[in-house]
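Descriptive analysis of the structure
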Amino acid sequence: MTFVLWVCRSMHIFGVTVWLGGLMFQSAVALPVTQFEGAEAQMAMRKISRRFVDFIWMSVWTICITGVLMMLLSPRFVWFQYPDQWSVLLGVKQVIFVLMMLYAFGHARMLRLMETGSGEAGELFRHRANQFRKISIALGILAVLLGAAMNLS
Ligand code: HEM
């Protein structure tokens, strides 16, 4: 049992690191560099973002499956009851996770639309994609803070 929990916790944290780390790298490192480097660099950035979408879904599944396993294996978990801080933190984190998944869908859709959109429409899709990425980062940081607090309760 301890081994299963160790594997779940490790993969849970790894999934979070890939998802949040990748979005932060794109927003804070790659994008500020490529957006002033001309059309070729911007095309490369679009390809990087599109490729990273697959990693987002891998992380989503990893976090979800390991989260559910840890939840079901925890003596503190009671279905649809929030008697203590641990279960309240878990509940809020699950809501954030669903929101992050919705923004991940929106982000992936905007990246696809950016391929065909030009002029004003292309600009709007690019703006929305960046916006959804930033919102996902903020939600992810909040979920990490809640996750870390679960162990303190
Ligand atoms: C983006 C969303 C999520 C983030 C950032 C996140 C983050 C974390 C972090 C940082 C921990 C603490 C690990 C530790 O202290 O070793 C944790 C633990 C945990 N997470 Fe998540 N998590 C997310 C989604 C979920 C979901 C969707 C579930 C359930 C379906 C879940 C269930 C759990 C459970 C049960 C624990 C173990 C708590 C304990 O130690 O008792 N997490 N999570």
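Refer to the structure above for everything that follows.
Procedures and definitions
Residues numbered from 1 in each chain as written. Predicted model: local features only at pLDDT ≥ 70, side-chain atom pairs only at ≥ 80, totals over all residues. Heavy atoms only, no water. Helix = DSSP H or I, 4+ residues; strand = E, 2+ residues; numbered from the N terminus. Buried < 20%, exposed > 50% of the residue type's maximum accessible area, 1.4 Å probe, protein only. Contact = heavy atoms within 4.5 Å. Lys, Arg positive; Asp, Glu negative; His and termini not counted. Charge placed at Lys NZ, Arg CZ, Asp CG, Glu CD. Donors = N, O, S within 2.8 Å, 3.2 Å for Na, K, Ca; no water. Tetrahedral: all angles 85-135°; square planar, octahedral: opposite > 155°, others 65-115°. 1 Å grid on protein atoms, 1.4 Å probe; cavity = no way out; pocket = protein on both sides within 12 Å on 5 of 7 lines; lining within 4 Å. Points joined across faces, edges and corners; volume = space filled by probe spheres on them. Nonpolar A, V, L, I, M, F, W, Y, C, P; charged D, E, K, R; others polar.

1. Examining the overall build of the protein
Along the backbone of the protein there are 4 helices and 0 strands. In the protein, the succession of α and β elements from N to C terminus is α-α-α-α. Based on the C-alpha atoms only, the size of the protein along its principal axes is roughly 55 × 25 × 20 Å. Counting over 153 residues, the protein shows a buried share of 37%. For the protein, long-range pairs separated by at least 24 residues make up 76% of all intrachain contacts whose partners lie at least 6 apart in sequence. One way to put it: in the protein the 13 positive side-chain charges average out to a point 8 Å from where the 7 negative ones average out.

2. Regarding the coordination of the iron atom of the ligand
Looking at the iron atom of the ligand, the protein donor atoms are His12 (NE2) and Lys93 (NZ), and they sit 1.7 to 2.1 Å from it. If you look at the iron atom of the ligand, its 6 donor atoms make angles of 83 to 178° with each other, and the shape they trace is octahedral. Within this pair, whereas His12 is found in helix H1 (residues 2-34), its partner Lys93 is found in helix H3 (residues 85-116), the two being separated by 81 residues in sequence. Given a relative accessible area of 13%, His12 falls into the buried group. Looking at Lys93, the relative accessible area reads 16%, which means it is buried.

3. Thoughts on the layout of surface pockets
Estimates place the volume of the largest pocket at around 890 Å³. Elements represented by at least two residues in the lining of the largest pocket include exactly H1, helix H2 (38-73), H3 and helix H4 (119-150). It is H3 that contributes the most residues to the lining of the largest pocket, 8 residues altogether. For the lining of the largest pocket, a count of residues per class yields 22 nonpolar, 7 polar and 3 charged. Here the second largest pocket defines a volume of roughly 280 Å³. What lines the second largest pocket is a set of 17 residues, among which Leu31, Gln42, Arg46, Met114 and Arg126 lie closest to the centre. Elements represented by at least two residues in the lining of the second largest pocket include exactly H1, H2, H3 and H4. Here the lining of the second largest pocket gets 6 residues from one element, more than from any other, and that element is H4. Broken down by class, the residue content of the lining of the second largest pocket amounts to 4 nonpolar, 9 polar and 4 charged.

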